[in-house]
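# Geometric and topological summary
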Amino acid sequence: MRIGPYQLENNVIVAPMAGITDRPFRQLCRRLGAGLAVSEMLSSNPKVWKTDKSMNRMDHSGESGIRSVQIAGADPELMAQAAQFNVQNGAQIIDINMGCPAKKVNKKLAGSALLQYPDLVEEIVQAVVGAVKVPVTLKIRTGWDPANRNGVEIAKIAERNRIASLAVHGRTRACMYKGEAEYDTIKAIKQSVSIPVVANGDITSPEKAKQVLDYTGADAIMIGRAAQGRPWIFREIDYYLRTGKHLPTPEVSEVRSILMEHLLNLHQFYGEPMGARIARKHVSWYLQSHDQEGQFRRVFNALEQPEEQIEALENYFETLAAN
Ligand SMILES: Cc1cc2nc3c(=O)[nH]c(=O)nc-3n(C[C@H](O)[C@H](O)[C@H](O)COP(=O)(O)O)c2cc1C
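Residues numbered from 1 in each chain as written. Predicted model: local features only at pLDDT ≥ 70, side-chain atom pairs only at ≥ 80, totals over all residues. Heavy atoms only, no water.

Most peptide bonds take the trans configuration, and most residues that are not glycine carry a negative phi. Looking along the chain, the bond that leaves Glu 272 and enters Pro 273 is cis, with omega of 0°. With a phi angle near 65°, Arg 162 is a residue other than glycine that sits in the positive phi range. In the Ramachandran plot, Asp 202 falls in the positive-phi region, its phi being about 65° despite a non-glycine side chain. In this fold, Asp 202 is placed in the loop between strand S10 (197-200) and helix H8 (206-216). (Helix = DSSP H or I, 4+ residues; strand = E, 2+ residues; numbered from the N terminus.)

This is the structure we're talking about:
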């Protein structure tokens, strides 16, 4: 899979997830086999760029791999400026968000709400592509609602305006996250354009990844929620796609070392008190299959200090290893 001048190491990509795909998570996923990790969306409104939240989202220092930065907004001029700003800040790919159904994004007419206005989609894409020298990618849903799956129309707009690759989540905006993703529209999109197409939605296993790739003919797959607490899913899928065989699931000792590395990086990246707070949801995802009753997680979630969190987890894993 190629995006402009960049050859990805494989075709398994980390989906942008606000509040999750921060620098520590992206780096971990890359180390564990992802070919590319897209950053959390950044608003195109310059008034919010100086907030702590945006500053953290813009932090790419020391990040290995290709830096793909997602921007969200509905004003072509502001989107163009946001793209330029992020390229100056180190972005090597600009990704436009037309896939997010969140009310917060949509009430300002952005994210997947834009799919209802193809002319505006074209203006935004033209403005952003024209503003920067780096490749611009686009992320969409299959359409506005099930009666208006205009993904093929949007894909053609993307292609004729030099979008370098198109990621498609197999749900409409109205579907939010309900039901199951459908791949027929992704297949139709792939057949109607010659730019690379990335299939996204409900890919949770190596087998599903292969089925979706085979069925849609897509060039790559993108994984979001299934990577939460399971960042090694990228190497598992990549290995299966290359060899047809399964990697063994990671031993508890490896889960421990991955989780501790992630925890320390979160503490360092966000500082206090945010680091410890943000760590809670990640720890909860990692331990879902071990701590089924959620007993440890309830205790862990009450801890405020980074050192307390580290100690609690070390004790937890020691007890697990002793049993
Ligand atoms: C918590 C969360 C945050 C998300 N944030 C973004 C975002 O910032 N930009 C975006 O394009 N999509 C966002 N998405 C959508 C995902 O990128 C992806 O399209 C969706 O989760 C479907 O893929 P999955 O089934 O593999 O999770 C988000 C999804 C979740 C669950």
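Let's pick the thread back up.
Bringing the pairing of strand S11 (residues 220-223) into the picture now. A two-sided burial pattern is seen for S11, the buried positions comprising Ala 220 and Met 222 on one face and Ile 221 and Ile 223 on the other. What joins S10 to S11 is H8, and the crossover it makes is right-handed. (Buried < 20%, exposed > 50% of the residue type's maximum accessible area, 1.4 Å probe, protein only. Right-handed = clockwise from strand over helix to strand, strands pointing away.)

So, on to the packing of aromatic side chains. Applying the stated rule across the entire model yields six aromatic pairs. Arranged with centres 4.2 Å apart and planes meeting at 15°, the rings of Trp 49 and Phe 85 form a pair that is stacked. Linking Trp 49 in the loop between strand S5 (42-43) and helix H2 (52-57) with Phe 85 in helix H3 (residues 76-88), this pair joins segments that are 36 residues apart in sequence. A residue is classified by how much of its surface remains accessible, and Trp 49, at 12% relative accessible area, is buried. Relative accessible area serves as the criterion here: at 26%, Phe 85 is assigned to the partly exposed category. Aromatic pair Phe 269 and Tyr 270: ring centres 4.9 Å apart, planes at 85°, arrangement edge-to-face. Given the relative accessible area of 15%, Tyr 270 is considered buried. Above the ring of Tyr 177, the side-chain terminus of Arg 141 is found at 5.1 Å from the ring centroid. For Lys 187, the ring lying beneath its charged end belongs to Tyr 215, and the centroid distance is 4.5 Å. (Phe/Tyr/Trp six-rings, centres within 6.5 Å; stacked < 30°, edge-to-face > 60°. Lys NZ or Arg CZ within 6 Å of the ring centre and 35° of its normal.)

This part takes up helix H7 (residues 184-192). All buried positions along H7 are accounted for by Thr 185, Ile 186 and Ile 189. In a view along the axis of H7, the buried residues occupy a sector of 100°, so they form one face of it. On its buried face, H7 is in contact with strand S8 (136-143), helix H6 (151-160), strand S9 (165-172), S10 and H8. (Arc of directions from axis to C-beta. Contact = heavy atoms within 4.5 Å.)

A few words now on the side chain of Arg 57. Note on placement: Arg 57 falls in helix H2. Accessibility expressed as a relative area gives 13% for Arg 57, which makes it buried. The residues contacting Arg 57, other than those within four sequence positions of it, are Ala 18, Gly 19, Glu 40, Met 41 and Leu 42.

Here the focus is the domain arrangement of the chain. Domain annotation of the chain identifies domain 1 (2-243) and domain 2 (252-322). Here the C-alpha centre of domain 2 lies 29 Å away from the C-alpha centre of domain 1. Contact residues are listed per partner, giving 16 residues for domain 1 and 14 residues for domain 2. There are two salt bridges connecting domain 1 and domain 2. With its nearest N and O atoms 2.9 Å apart, the salt bridge here joins Arg 235 to Glu 254. Linking domain 1 with domain 2 are four residue pairs in polar contact (both at pLDDT 80 or more), by the criterion used here. Residues that form the side of domain 1 that touches domain 2 fall into these classes: seven nonpolar, four polar and five charged. (Domains from an automatic or database assignment. Salt bridge = Lys/Arg side-chain N within 4 Å of Asp/Glu carboxyl O. Polar contact = N/O pair within 3.5 Å; in protein donor to acceptor, adjacent residues only side chain to side chain. Nonpolar A, V, L, I, M, F, W, Y, C, P; charged D, E, K, R; others polar.)

In the region of the ligand, 17 residues are neighbours, and Pro 16, Gln 70, Asn 200, Asp 202 and Arg 225 sit closest. Ala 18 has a polar backbone atom sitting 2.9 Å from a nitrogen atom of the ligand. Contact between the ligand and Gln 70: a nitrogen atom at 2.7 Å from a side-chain N or O atom of the residue. Considering only residue class, the shell around the ligand consists of eight nonpolar, six polar and three charged. (Near = heavy atom within 4 Å.)

A few words on the packing of helix H11 (residues 274-287) against helix H13 (residues 306-322). Angle between the axes and distance between the axes: these two values describe a pair of packed helices. The N-to-C vectors of H11 and H13 enclose an angle of 15°; their axes lie 11 Å apart at closest approach. One element, H11, and the other, H13, form an angle in the roughly parallel class. Between H11 and H13 lies a crossing of left-handed hand. When H11 is examined against H13, the residues Ala 276, Ala 279, Arg 280, Val 283 and Leu 287 are found in contact with a partner set consisting of Pro 306, Gln 309, Leu 313, Tyr 316 and Phe 317. Grouping the constituent residues of the contact of H11 with H13 by class yields eight nonpolar, one polar and one charged. (Axes fitted to C-alpha atoms, helices over the stretch in contact; angles between N-to-C directions. Parallel < 35°, antiparallel > 145°, perpendicular 65-115°, else oblique. Left-handed = near helix turned anticlockwise from the far one by under 90°.)

So, on to the environment of Gln 305. In this fold, Gln 305 is placed in the loop between helix H12 (295-300) and H13. When the C-alpha atoms of Gln 305 and Leu 320 are compared, they prove to be 23 Å apart, with 15 residues separating the residues in sequence.

A few words on the sheet that holds strand S3 (residues 12-14). The nine strands lie next to each other as S4-S3-S11-S10-S9-S8-S7-S6-S5, forming an open sheet whose pairing is parallel. Every other strand in the sheet has two partners, leaving strand S4 (36-37) and S5 as the edge strands with one partner each. Note: strand S6 (residues 68-72) against strand S7 (residues 93-98), four bridges, orientation parallel. Each bridged residue has a counterpart across the sheet, and for Ile 71 the counterpart in S7 is Ile 96. Where H7 meets the sheet, its contacts fall on S8, S9 and S10, and the angle it forms with S10 comes to roughly 180°. (Pairing = 2+ DSSP bridges.)

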